[in-house]
Amino acid sequence: MNGLFSRTKDLQASMDGFIDRVEKAGLIFFEGLKAYFSGKMERFEEYTIELTELESKADAVRRDIKYKLYTHMLIPESRGDVLGVLETLDDVIDITEKVLEHFSIETPDIPEFLREDFLDLAELSYKSVEELAKASRAFFTELKLVNNYVNKVHFYEHEADKLEKILKRKIFNSEKIKDFSKRVHLRYFAEKIAFLSDEAESVAERLAIYAIKRRI
Amino acid sequence: MIQILFYLSSGLFLGWSLGANDAANIFGTAVGTKMVRFYTAAIICSIFVLLGAVISGAGASHTLGKLGAINTMSGAFIVALAAAFTVTWMTKAGLPVSTSQAIVGAILGWNFFSGTHTDISALTKIVGTWVFSPVLSALFAFLFFHIIKFILDNSKIHLIRLDSLTRFGLILAGIFGSYSLGANNIANVMGVFVQSSPFKDLNLGSIFNFSGVQQLFLLGGIAIAIGIFTYSRKVMMTVGSRIFKLSPISALVVVLASSTVLFLFASQGLKDILISHGLPSFPLVPVSSSQAVVGAIIGISLAKGGKNVNFRILGKISIGWVATPVASAIIAYVALFFMQNVFMQDVFIK
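The rules behind the values
Residues numbered from 1 in each chain as written. Chains lettered and ligands numbered in written order. Predicted model: local features only at pLDDT ≥ 70, side-chain atom pairs only at ≥ 80, totals over all residues. Heavy atoms only, no water. Axes fitted to C-alpha atoms, helices over the stretch in contact; angles between N-to-C directions. Helix = DSSP H or I, 4+ residues; strand = E, 2+ residues; numbered from the N terminus. Parallel < 35°, antiparallel > 145°, perpendicular 65-115°, else oblique. Left-handed = near helix turned anticlockwise from the far one by under 90°. Contact = heavy atoms within 4.5 Å. Nonpolar A, V, L, I, M, F, W, Y, C, P; charged D, E, K, R; others polar. Expected span 1.5 Å × (residues − 1). Buried < 20%, exposed > 50% of the residue type's maximum accessible area, 1.4 Å probe, protein only. Salt bridge = Lys/Arg side-chain N within 4 Å of Asp/Glu carboxyl O. Phe/Tyr/Trp six-rings, centres within 6.5 Å; stacked < 30°, edge-to-face > 60°.

**Topic: the packing of helix H3 (residues 58-67) of chain B against helix H6 (residues 120-154) of chain B**
Residue and element names in this part refer to chain B.
Then comes step 1: The geometry of H3 relative to H6 is characterised by a closest axis approach of 8 Å and an angle of 135 degrees between their N-to-C directions. One way to sum up the angle between H3 and H6 is to call them oblique. H3 and H6 meet at a crossing whose hand is left-handed. The residues of H6 that touch H3, namely those facing Thr-63, Leu-64, Lys-66 and Leu-67, are Ala-122, Leu-123, Lys-125 and Ile-126.
Then comes step 2: By residue class, the composition of the contact of H3 with H6 is five nonpolar, one polar and two charged.

**With respect to helix H7 (residues 159-190) of chain B**
Then comes step 1: The terminal C-alpha atoms of H7 of chain B, which comprises 32 residues, lie 44 Å apart, in line with the 46 Å expected from a rise of 1.5 Å per residue.
Then comes step 2: In terms of residue burial, H7 of chain B counts as a mostly covered element, since 26 of its 32 residues are buried.

**So, the pattern of salt bridges**
Residue and element names in this part refer to chain A.
Then comes step 1: Counted according to the given criterion, the structure contains 23 salt bridges over all chains.
Then comes step 2: For the salt bridge of Lys-66 with Glu-87, the shortest nitrogen-to-oxygen distance reads 3.8 Å. Of this pair, Lys-66 sits in helix H2 (residues 41-71) while Glu-87 sits in helix H3 (residues 79-106), and the two are 21 residues apart along the sequence.
Then comes step 3: One salt bridge in this structure joins Lys-162 and Glu-159, with 3.2 Å as the shortest N-O distance. Highlighted residues: Lys-162 and Glu-159, both in helix H5 (residues 146-173), separated by three residues, approximately one helical turn.
Then comes step 4: Judged by relative accessible area, Lys-162 falls into the partly exposed class, the value being 42%.
Then comes step 5: Residue Glu-159 is classed as partly exposed on the basis of its relative accessible area, which comes to 23%.
Then comes step 6: Connected through salt bridges with shared partners, the residues Asp-59, Arg-62, Lys-66, Glu-87 and Asp-90 form a single ionic network.

**With respect to the packing of aromatic side chains**
Residue and element names in this part refer to chain A.
Then comes step 1: Tallied over the full model, the rule gives 25 aromatic pairs over all chains.
Then comes step 2: Plain terms: the ring middles of Tyr-36 and Phe-37 are 6.1 Å apart, the flat faces sit at 85 degrees to each other, and that makes the pair edge-to-face. Note on accessibility: Tyr-36 and Phe-37 belong to one class, buried.
Then comes step 3: On the basis of an interplanar angle of 55 degrees and a centroid distance of 4.4 Å, the ring pair of Phe-103 and Phe-189 is categorised as tilted. Of the two residues, Phe-103 sits in helix H3 while Phe-189 sits in helix H6 (residues 180-214), which places them 86 residues apart along the sequence.
Then comes step 4: Accessibility expressed as a relative area gives 0% for Phe-189, which makes it buried.

Listed below in structure tokens is the structure:
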């Protein structure tokens with residue numbers, strides 16, 4: 001029995017560590033974009049590398065958790081749900097990484113008058129990830145709080161959605177941007193940033209359902 | 001020896017059937033949801049059923065003895081056979097049948113056949129307990145559910161840790177459940193043989209005394225264990241879907257509640273304590289573990305808000321309270337007639 005408890009302690013630590021990484025990915029995503037929008041390219045590139053490393057570590061942790069859950073026959077009732085949550089959380093990390101990577105490769109030129117909106121959009125997406133991480137922690141330890149956090153994810157996703165539309169209208173209505181191709185390029189990045197909050201929302205919805213299933 | 005084993009065979013068959021069916025009441029969800037391995041469950045269940053039967057089995061079987069003291073081996077053979085037949089038959093018909101009710105009916109059949117006076121007070125005590133036990137089980141389940149829910153809501157136990165704690169809890173509850181099952185239900189299996197048992201008390205030294213009744217119960221316990229190992233896996237795998245799917249923690253509540261009921265109606269020690277403090281005590285009566293489980297599940301449903309309670313199943317159970325003993329009594333009566341007049345065996349001594 002002692003063996004069982006020590007084994008589960010490791011696993012518990014891995015799971016908590018994985019959720020910490022999700023939260024950190026959101027934070028690096030936001031700080032990276034902040035650096036990009038203020039023209040600090042060197043710092044931006046540092047964040048991009050950091051996020052790439054974090055993503056591959058998170059992948060390894062997730063695989064390890066999956067392996068342990070199956071070999072030790074743990075939580076048979078909610079194993080599928082837990083793996084589902086971890087996999088979709090991993091997708092969230094992937095998206096943060098991909099967005100920074102695209103910025104790094106394509107280096108879109110963000111006009112001065114749009115920077116604040118872009119930054120706000122990045123912050124809303126980051127906040128949705130932050131609340132998602134809290135919801136995931138609650139799912140493992142304090143079920144009754146899951147819904148509070150899920151509602152906050154919904155809120156930030158909705159706000160991000162609104163801002164995304166405003167931003168896209170500004171992009172296409174402004175006289176300051178001459179090339180159509182540039183407008184499309186900017187729209188693409190607005191959508192990419194907002195997509196992070198969409199993904200956070202879909203994971204949050206899964207969590208809400210799994211939380212109901214887990215109630216005794 | 002062969003004659004003794006032949007006469008005991010009907011009781012041993014009842015024991016086998018009890019092991020096959022009732023072990024699932026204790027470990028069904030735990031094994032069905034893969035929280036506990038079948039062999040772990042089977043070993044624990046067998047050991048503690050045996051211990052319960054040998055250590056605490058006397059109380060409930062004493063009550064059955066008061067109802068009808070079957071005084072020949074061939075009579076006891078027929079009584080147990082009639083009960084076994086009724087259980088098998090009603091199980092096939094899909095009715096929630098209880099060995100306790102079948103054996104009581106068969107004893108009544110013997111009483112009628114032999115012209116023995118039936119102790120009405122013992123009978124009302126037994127029947128009253130049948131009605132009371134699922135109700136009590138529902139109450140316990142309601143209470144335990146709220147206690148566990150309160151603990152879970154107010155302690156931040158990680159899902160993974162909760163998983164190990166639940167497994168540990170299911171095993172502990174299983175130990176308690178198996179002991180209670182053995183203590184309470186061995187009377188159904190071997191109770192009718194107590195009067196006519198040929199086993200002599202064994203004294204090993206001055207401290208260790210192994211009575212003839214305990215030897216009989218040991219044999220019955222072994223039959224139950226064989227039932228557990230040979231057939232209960234099948235029942236365990238289907239027990240979840242049979243009533244409805246329970247989560248491992250709900251299963252823990254169900255096992256605790258139903259086992260507490262079985263224990264209360266079997267423990268001589270507890271009875272003595274209650275009496276010595278001037279408190280009302282529980283009669284020692286064999287009750288149905290399946291019906292206690294159904295009671296506990298209803299208790300949980302009520303605790304959850306009572307939306308999904310299937311009250312028809314209660315109707316079915318109450319039909320069983322009447323139909324099972326009546327059917328069993330008639331079968332016993334007819335079989336005793338044949339045993340006496342065709343096979344020329346003394347089924348009772350005047």
